[in-house]
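What follows is each chain in one-letter form.
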Amino acid sequence: MSTALTPDPPIAFAEASELARSQAGFHRVKVGGINITALSDGTVRVYQRDQLRNTTPEEVDQILAKSYEKSPNRASMNSFLIELGDRLLMVDVGAGEVLGPKLNKLSGSLSAIGLGPGDVTDILLTHIHPDHSGGLMVGGRKVFPNAKLHVNKTELDYWASKENAARATGHTLDWFNLFEETVRPYLADGSVQTYDVDVELFPGLRTAAAYGHTPGQVSYILEDRGEKIVFWGDLIHVPEVQFEVPTVTITFDVDQKQAAAQRLKSLADAAEHGYLVAMPHAHFPGIGHVRRDGTGYRWIPIPYVNDAEGS
Ligand SMILES: [Zn+2]
């Protein structure tokens with residue numbers, strides 16, 4: 001890793017790990033006839049009380065306390081594997097080495113289900129931020145040598161722009177540098193495939209704009225046999241806080257207003273239609289339902305299922 005991240009984002013790098021050994025990092029669900037596996041890239045504690053906007057640190061502390069959580073709060077880094085016909089799709093690839101030594105567990109989570117990064121045929125990025133695309137490169141090498149990298153053209157154009165990079169400061173400048181280190185190599189060898197938003201990328205799997213957090217963030221919508229799951233991307237960063245008060249944004253939202261509006265729209269749609277939602281930063285496995293609750297919403301994590309016959 002050659003890009004040193006500034007103290008912003010303030011991840012609790014110095015805090016001792018809670019666990020001395022890795023946790024199980026995969027969780028299987030079935031949507032229609034399609035196997036989906038949540039894969040953990042690890043968890044970190046983050047001082048998100050200081051990153052959230054349209055609120056105060058004191059209010060964040062109070063809401064976190066209702067969930068027996070406190071600052072620096074725990075955040076999961078989740079990716080999702082989709083077995084679609086003869087293809088193996090992965091939604092986001094975690095942070096790799098760029099956010100400290102507690103992450104970069106994705107390859108281990110994958111090997112626990114008997115697969116390796118070389119088996120992944122397609123990577124679907126929700127957006128280009130280091131905690132979603134950092135895992136493309138580890139130790140200066142491509143982690144996914146056989147995968148096509150699918151990115152919304154609007155998102156790629158934003159991060160690949162030298163003009164945008166020249167104007168960037170602070171953490172945004174770091175992220176442009178990390179784009180060069182982690183995404184550019186895939187672009188250089190022809191592995192990137194861009195698409196225009198609102199297209200069907202694969203049978204039963206389409207994209208929808210979820211702009212605001214980044215200029216070209218998308219959600220991926222998968223439907224099979226009347227069942228549906230939506231891979232949201234970063235619409236929620238702190239579930240304890242932003243379901244209850246959905247107008248709360250985060251400093252990394254490139255367009256704060258648009259990000260808040262998109263969150264409200266996606267929450268209302270998920271609550272109304274009752275489909276499954278998969279989130280990168282909800283506590284692992286990050287899959288569940290949304291329901292209305294007072295002036296906000298509530299996150300209902302999926303029940304644990306382990307009923308395969310035999311071992
Ligand atoms: Zn993220």
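For the structure given in this document, a descriptive report is provided here. Everything quoted here is computed from the prediction, not taken from an experiment.

Moving on, we come to the overall build of the chain. Each helix and strand counted, the chain has nine helices and 18 strands in total. Its C-alpha radius of gyration of 18 Å places the chain within 12% of the 19 Å reference for a compact globule of 311 residues. Referenced to the eigenvectors of the C-alpha coordinate spread, the extents of the chain come out at roughly 50 × 50 × 40 Å. Relative to its 311 residues, the chain shows a buried fraction of 44%. The long-range fraction of contacts in the chain, counting pairs at least 24 apart against all pairs at least 6 apart in sequence, stands at 70%.

For the rest of this paragraph, the subject is the pairing of strand β1 (residues 26-31). Inspection of the sheet shows β1 paired to strand β2 (residues 34-46) by six bridges, in the antiparallel sense. Directly across from Phe26, in β2, lies its bridge partner Leu39. From the end of β1 to the start of β2, which pair antiparallel, there are two residues, and Gly32 there has a positive phi angle of about 60°.

Strand pairing in a sheet relies on backbone hydrogen bonds, with the paired strands running either antiparallel or parallel. Read across the open sheet, the seven strands follow the order β11-β12-β13-β14-β16-β17-β18; overall the sheet is mixed. The open sheet is flanked by β11 (200-202) and β18 (296-301), the only strands paired with a single partner. Pairwise comparison of adjacent strand axes, ignoring direction, gives a mean angle of 35° for this sheet. Note: strand β12 (residues 205-209) against strand β13 (residues 218-224), five bridges, orientation antiparallel. Among the inter-strand pairings, Leu205 is bridged to a residue of β13, identified as Leu222.

Note on helix geometry: an α-helix contains 3.6 residues per turn, so any two residues three or four positions apart are oriented the same way. For helix α6 (residues 170-182), built from 13 residues, the straight-helix expectation of 18 Å at 1.5 Å per residue is met to within 8% by its first-to-last C-alpha distance of 19 Å. Buried residues of α6: Trp175, Phe176, Leu178, Phe179 and Thr182, and no others. Viewed end-on, α6 has its buried residues packed into an arc of 160°, placing them on one side of the element. Next to the buried residues of α6 lie α3 (130-133), β7 (137-138), α4 (153-160), α5 (162-167) and α7 (184-188).

Bringing the sheet that holds strand β4 (residues 73-84) into the picture now. The seven strands lie next to each other as β1-β2-β4-β5-β6-β9-β10, forming an open sheet whose pairing is mixed. At either end of the open sheet lies a strand with only one pairing partner, and these are β1 and β10 (192-195). Neighbour to neighbour, the strand axes of the sheet diverge by 25° on average, direction disregarded. Both strand β5 (residues 87-91) and strand β6 (residues 122-124) contribute to a ladder of three bridges, which runs parallel. Within the sheet, the bridge partner assigned to Met90 lies in β6 and is Ile123. α4 rests against β9 (148-152) and β10 of the sheet, and its axis sits at about 90° to β9.

Moving on, we come to unusual backbone geometry. With omega at -5°, the peptide bond leading from Ser71 into Pro72 counts as cis. Tracing the chain through its elements places Pro72 in the loop between α1 (57-66) and β4. For the peptide bond that leads from Phe284 to Pro285, omega is 5°, which places it in the cis range. Secondary-structure assignment places Pro285 in the loop between β16 (276-278) and β17 (287-293). A positive phi angle is found at Asp198, which is not glycine, with a value near 70°.

Before going further, it helps to spend a moment on the environment of Ser40. Locating Ser40 in the fold gives a position in strand β2. Distance from Ser40 to Gln23, taken between C-alpha atoms, is 9.1 Å for residues 17 residues apart in sequence.

With that settled, consider the nonpolar core. One finds Phe80, Ile82, Val91, Ile123, Phe231, Trp232 and Ala278 to be the most contacted residues of the largest nonpolar core, which totals 66 residues. If one sorts the elements of this core by residue count, β4 sits on top with six residues. Setting aside anything within four residues of it in sequence, one finds Phe231 in contact with Phe80, Val91, Thr126, Ser219, Tyr220 and Ala278. Of all hydrophobic cores here, the second largest spans eight residues; its members include Val60, Ile63, Val238 and Phe252.

Turning our eyes to something else, we now look at the pairing of β5. Direction of pairing for β4 relative to β5: antiparallel, over a ladder of five bridges. Looking at the pairing, Leu84 lines up with Arg87 of β5. Read as a crossover between parallel neighbours, the route from β5 over helix α2 (residues 106-111) to β6 is right-handed.

Right, let's talk about the environment of Phe252 for a bit. Position of Phe252 among the secondary structure elements: in the loop between β15 (249-250) and α9 (256-273). On the basis of neighbour count, Phe252 is assigned to the buried category, with 20 C-beta atoms found within 10 Å. Residues Phe252 and Gly116, 136 residues apart in the sequence, show an inter-C-alpha distance of 32 Å.

The subject of this paragraph is α4. By the burial criterion, the buried members of α4 are Glu155, Leu156 and Trp159. All buried residues of α4 lie within an arc of 95° about the axis, which places them on one face of the element. Those residues of α4 that are buried are in contact with β9, α6 and β10.

Calculation criteria
Residues numbered from 1 in each chain as written. Predicted model: local features only at pLDDT ≥ 70, side-chain atom pairs only at ≥ 80, totals over all residues. Helix = DSSP H or I, 4+ residues; strand = E, 2+ residues; numbered from the N terminus. Rg over C-alpha atoms; globule rule 2.2 N^0.38 Å. Buried ≥ 20, exposed ≤ 12 C-beta atoms within 10 Å, placed from the backbone. Contact = placed C-beta atoms within 7 Å. Pairing = 2+ DSSP bridges. Axes fitted to C-alpha atoms, helices over the stretch in contact; angles between N-to-C directions. Expected span 1.5 Å × (residues − 1). Arc of directions from axis to C-beta. Core = buried A, V, L, I, M, F, W, Y, C linked by C-beta atoms within 7 Å. Right-handed = clockwise from strand over helix to strand, strands pointing away.

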